[in-house]
Amino acid sequence: MSCEESQKKMVFDAETASSLVKELRSSFASGTTRSYEWRVSQVKALLKMVTENEEQIIDALRSDLERPPLETVVYEIGMFKNSCEVTLKELKHWMMPEKVKTSITTFPSSAEIVPEPLGVVLVISAWNYPFLLSLDPVVGAIAAGNAVVLKPSEIAPASSSLLAKLIGKYMDNSSVRVVEGAVDETTALLQQKWDKIFYTGNGRVGRIVMAAAAKHLTPVVLELGGKSPVVVDSNINLQVAARRIISGKWGCNNGQACISPDYVITTKDNAPKLVDALKIELENCYGKNPMESKDLSRIVNSNHFARLTKLLDDDKVAGKIVHGGERDESKLKIAPTILLDVPRDSLIMGEEIFGPLLPIITVNKLEESFDVINSGTKPLAAYLFTNDEKFKERFVMTVSAGGLLVNDTVLHLVVHTLPFGGVGESGMGAYHGKFSFDAFTHKKAVLYRSFMGDASIRYPPYTDTKQRLMRALVGGDIPGITRALFGWS
């Protein structure tokens, strides 16, 4: 076979995608994925896969992003292991039907809600946390009893290749598959009918995914992003607040995270103090020359580097840099950068930054932060640093976001009893813990009745007495039922 013939044979087009889905539907129809034993075996296989290949995962992320090993161990490997362990512990309970009450209208009867798998689902993952954001939804899909196709991001090629290799080795490939590739392969997949699509990425592609899903009335989960604000009060421990902002911003993939703090709002009086605290703690974390630090990830590729450079070179913010600003295109490095008093109509405030730039907006009163936040699209996360209990309550009641965190950043991500997902343009649907199971589950309503208690009032011919009795039954009106039975008006 010639090289050209081999390449043609390996092309993943709509026909290939259709055959793949057909194969997985056949596997799902066999009932294999529905059993508790299969689900547990596959979650255990994923856990084993990650545990036995930690060094390979660290190396892949070092290749794709120059990710510090500690960040990979904590945010990719550690969080994923925790997800598997929670699933293994709770799965039997999640799968149990939920008994619910019935009404007098259907007496005698019983009812339950039965969780059932959706079928064959598609997970399209992101490049910034390529293992966690690929495998965490896959755990939910498997736990719910589905067959699943994973499409990793081609922007993190080493991670994508490793995922394909490991899943091919460790998983039941009759029901769990990986498709590598870029736009053409994703387009071929989106042309197929799925029972659910789970997409993590940006809003532009999210709209494409949703439009493709709409053709088949396929439900979607969209994990997107947005401009996640940090509101900083003056009555706090600024040193601790600065560290926690740094950890959530530059300590999470150098700002390339969907829940990374995007911008800060504080008062004009407090801003200089906050900037000073951030400068001190940034030097403590990354040294006097952060461009040489091994604890900062690089920008993922030249396109994203150019995008971030454009934000920095905007005339409206060029003179607003109060810390950092250094960049090296050859190494795809940008130093942690703070910008003060950034105009709200600047480029940097018009889109999600997704990088190591942190603009600070100043207001006269902190209450003005609500108008600033609510004037934009709803963010994936919103953060508040304060000791004022009334302001906390108002923040929770006033700010609409996927999730809120008071006096820290990003840590709500690790609490598996909280749903993780967006609202409005930051996404739809949620996952993590049982919410991942629910995301890939249909809750089927089941009502059970016997042949006893068959009342003639529901059948023709209809009479005034039957109408009065049925009206009372449907309304749960016990005195009305009594009056109807005795013919009282």
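Residues numbered from 1 in each chain as written. Predicted model: local features only at pLDDT ≥ 70, side-chain atom pairs only at ≥ 80, totals over all residues. Heavy atoms only, no water.

A. Layout of the packing of aromatic side chains. Tallying each qualifying case throughout the model produces eight aromatic pairs. Here Y75 and Y129 contribute two aromatic rings whose centre-to-centre distance is 6.4 Å and whose plane-to-plane angle is 75°, an arrangement assigned as edge-to-face. Residue Y75 is found in helix 5 (residues 69-95), and its partner Y129 is found in the loop between strand 3 (120-124) and helix 6 (132-143); the two are separated by 54 residues along the sequence. Y129 shares its class with Y75; the two are buried. Seen in terms of ring centroids, W94 and F437 are 5.7 Å apart; in terms of plane orientation they differ by 45°. Their pairing is tilted. Residue W94 is found in helix 5, and its partner F437 is found in helix 15 (residues 434-439); the two are separated by 343 residues along the sequence. The same class applies to W94 and to F437, which are both buried. An aromatic cluster is present here, built from F198, F420, Y431 and F440 joined pairwise through their rings. The ring of Y129 is capped by R67, whose NZ or CZ atom sits 4.5 Å from the centre of that ring. (Phe/Tyr/Trp six-rings, centres within 6.5 Å; stacked < 30°, edge-to-face > 60°. Helix = DSSP H or I, 4+ residues; strand = E, 2+ residues; numbered from the N terminus. Buried < 20%, exposed > 50% of the residue type's maximum accessible area, 1.4 Å probe, protein only. Lys NZ or Arg CZ within 6 Å of the ring centre and 35° of its normal.)

B. The arrangement of the nonpolar core in detail. Counting 88 residues, the largest nonpolar core has L46, L135, I142, V232, I259 and L278 as its most contacted members. What L46 contacts, discounting residues up to four positions off in sequence, is F80, L135, V138, V139, I142 and M171. In terms of nonpolar packing, the next biggest core, distinct from the first, is built from 29 residues, L339, I348, L357 and V372 among them. (Core = buried A, V, L, I, M, F, W, Y, C linked by side-chain atoms within 4.5 Å. Contact = heavy atoms within 4.5 Å.)

C. A look at the pairing of strand 2 (residues 109-117). Where strand 1 (residues 98-100) meets strand 2, three bridges bridge the pair, whose relative direction is antiparallel. Counted as the bridge partner of K99 is E112 from strand 2. The pairing of strand 2 with strand 18 (residues 441-449) spans nine bridges and is antiparallel. Considered in strand 18, the bridge of P115 is made with K443. (Pairing = 2+ DSSP bridges.)

D. Region of the structure containing the sheet that holds strand 13 (residues 337-340). Across the sheet, seven strands lie side by side as 10-13-14-9-8-15-16; this open sheet has mixed pairing. Single-partner strands in this sheet number two, and they are strand 10 (321-323) and strand 16 (403-406). Within the sheet, the average angular offset between the axes of one strand and its neighbour, ignoring direction, is 25°. The pairing of strand 13 with strand 14 (residues 357-363) spans four bridges and is parallel. (Axes fitted to C-alpha atoms, helices over the stretch in contact; angles between N-to-C directions.)

Just geometry here; none of it tells us what the structure is for.
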